[in-house]
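Structure assessment
Single-letter residue listing:
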Amino acid sequence: MTHEQNTSPNSPATHHWVLALSCVDQPGIVHAISGAVVESGGNITESQQFSSHDTGRFFMRLQVQSPATRERFEATLQPITERYDMTWKLDVVGRRIRTLLLASTAEHCVNDLLFRQRGGQLPIEVPLILANHPTLGRTAEFYGVPFESQPVTNPESKAAFENRVRAVIAEHHIELVVLARYMQILSPELCAELNGMAINIHHSFLPGFKGANPYRQAHSRGVKLIGATAHFVTSDLDEGPIIEQDVVRVDHSLAPAELVALGQDEESRTLRRAVTWFAENRILLDGDRTIIFQ
Ligand SMILES: Nc1nc2c(c(=O)[nH]1)N[C@@H](CN(C=O)c1ccc(C(=O)N[C@@H](CCC(=O)O)C(=O)O)cc1)CN2
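Quick caveat: nothing in here was measured; it's all calculated off a predicted structure. (Residues numbered from 1 in each chain as written. Predicted model: local features only at pLDDT ≥ 70, side-chain atom pairs only at ≥ 80, totals over all residues. Heavy atoms only, no water.)

**Re the sheet that holds strand β7 (residues 147-149)**
On the basis of which strands lie adjacent, the open sheet formed by seven strands has the order β7-β6-β5-β8-β9-β10-β11 and mixed pairing. If you trace the sheet from one side to the other, it starts and ends with β7 and β11 (242-249), each paired once. The sheet shows a mean angle of 20° between the axes of neighbouring strands, taken without regard to direction. One ladder, built from four bridges, connects strand β5 (residues 97-103) with strand β8 (residues 176-179); its direction is parallel. Looking at β8, one finds that Leu100 is bridged to Val177. Relative to strand β6 (residues 124-131), helix α5 (residues 155-172) is tilted by about 160°, and along the sheet it contacts β5, β6, β7 and β8. (Pairing = 2+ DSSP bridges. Helix = DSSP H or I, 4+ residues; strand = E, 2+ residues; numbered from the N terminus. Axes fitted to C-alpha atoms, helices over the stretch in contact; angles between N-to-C directions. Contact = heavy atoms within 4.5 Å.)

This is the structure in structure tokens:
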């Protein structure tokens, strides 16, 4: 018998939930969670899980079709999340998450994110772009996204910029901050406030070539691969948990500028994947590593 989508006019509204959770690994978790889904009248449409032997933690991501409202589903889940001391998040499948872009002068990542967002390929909404240079104002205007720039040239202006970041996060209920080739180091204080919700795109295959000017470093080293790394931002520069990486083959004939041009596509693609997975609740933190349920 095929499962017909319940579309009769009298059928209860169906919600499409995504549930991401982690807890200490132990028997009974999947049984308890699937029981809660059944109790809510739901059907599991996607399920992934992982047991980390490194940390002894269990990770799971479910998508559930259910007539239960958020309140009803959360009430059903509560005894289980308390019993297993779970870290968990319940969200709506496909919801566009409120995302703040931080930028400097490089256009390619900002342009790619806004192009994909406008085309409906990227589940984000961008209420504002904050930059430390005015360069990308026209790009923001082209996509109809508000843009603000304020220079960061000394500790006072860096503090002012970061206070503006805090204000925008509060005002727009920002869920994700993307450093789209933002070339200033965030203070330890702001990193702590943004723990687990700020993603940077580094223009090298980390841990190689951290810091500024990685392509120049790579050219000097005579590498045969260049790459890009999307990672969570922490106070340890370019040391945050890695979310996604990719590489592209190069050779001796390419000048630094040619490496930069080749790398930009890789950076945009890598960042786009990381932002998509974050928006879809597919990234879970396991200490200094990430679990990615693609
Ligand atoms: N706290 C963190 N801040 C930032 C991180 C991070 O991981 N933790 N990633 C960087 C991005 N980045 C490489 O991807 C990077 C950017 C800038 C620099 C740097 O040395 N900047 C100089 C000033 C540069 C300028 O004049 O504009 C500085 O801030 O002193 C290194 C690495 C983003 N921030």
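**Considerations on α5**
The α-helix advances 3.6 residues per turn, and as a result positions three or four apart in sequence lie on the same side. Compared with an ideal rise of 1.5 Å per residue, which puts 18 residues at 26 Å, α5 spans 26 Å between its outermost C-alpha atoms and is within 8% of the ideal. Residues of α5 that are buried include every one of Ser157, Phe161, Glu162, Val165, Val168 and Ile169, and no others. For α5, the arc enclosing every buried residue in end-on projection is 140°, short of the 170-degree limit, so these residues lie on one face. Turned more than 90 degrees off the buried face of α5, the exposed positions are Pro155, Glu156 and Ala170. Of the residues flanking the start of α5, the one acting as N-cap is Asn154, its side-chain oxygen 3.1 Å from the backbone nitrogen of Glu156. Immediately downstream of α5, the backbone of His173 shows phi near 50°, a positive value. (Expected span 1.5 Å × (residues − 1). Buried < 20%, exposed > 50% of the residue type's maximum accessible area, 1.4 Å probe, protein only. Arc of directions from axis to C-beta. Polar contact = N/O pair within 3.5 Å; in protein donor to acceptor, adjacent residues only side chain to side chain.)

**Some thoughts on the UniProt feature "active site" (unreviewed entry) in the chain**
Taken from the UniProt record, the annotation "active site" (unreviewed entry) applies to Asp238. As for its position among the elements, Asp238 is in the loop between β10 (225-232) and β11. Apart from residues no more than four positions distant in its own chain, Asp238 is found in contact with Asn200, His202, Leu206, Lys210, Gly211 and His231. Polar contacts involving the side chain of Asp238 include one to the main-chain amide nitrogen of Gly211, which spans 2.9 Å. (UniProt positions renumbered as here; feature names shortened; annotations may be inferred.)

**Considerations on the packing of aromatic side chains**
Given two aromatic rings, one states the distance between the centres and the angle between the planes to describe the pair. Applying the stated rule across the entire model yields four aromatic pairs. Each ring, one from Phe142 and one from Tyr143, has its centre 4.9 Å from the other, and the planes form 90°; the classification is edge-to-face. Arranged with centres 6.4 Å apart and planes meeting at 65°, the rings of Phe232 and Phe278 form a pair that is edge-to-face. Of the two residues, Phe232 is situated in strand β10 and Phe278 in helix α8 (residues 256-279); the sequence distance between them amounts to 46 residues. Residue Phe232 is classed as buried on the basis of its relative accessible area of 4%. (Phe/Tyr/Trp six-rings, centres within 6.5 Å; stacked < 30°, edge-to-face > 60°.)

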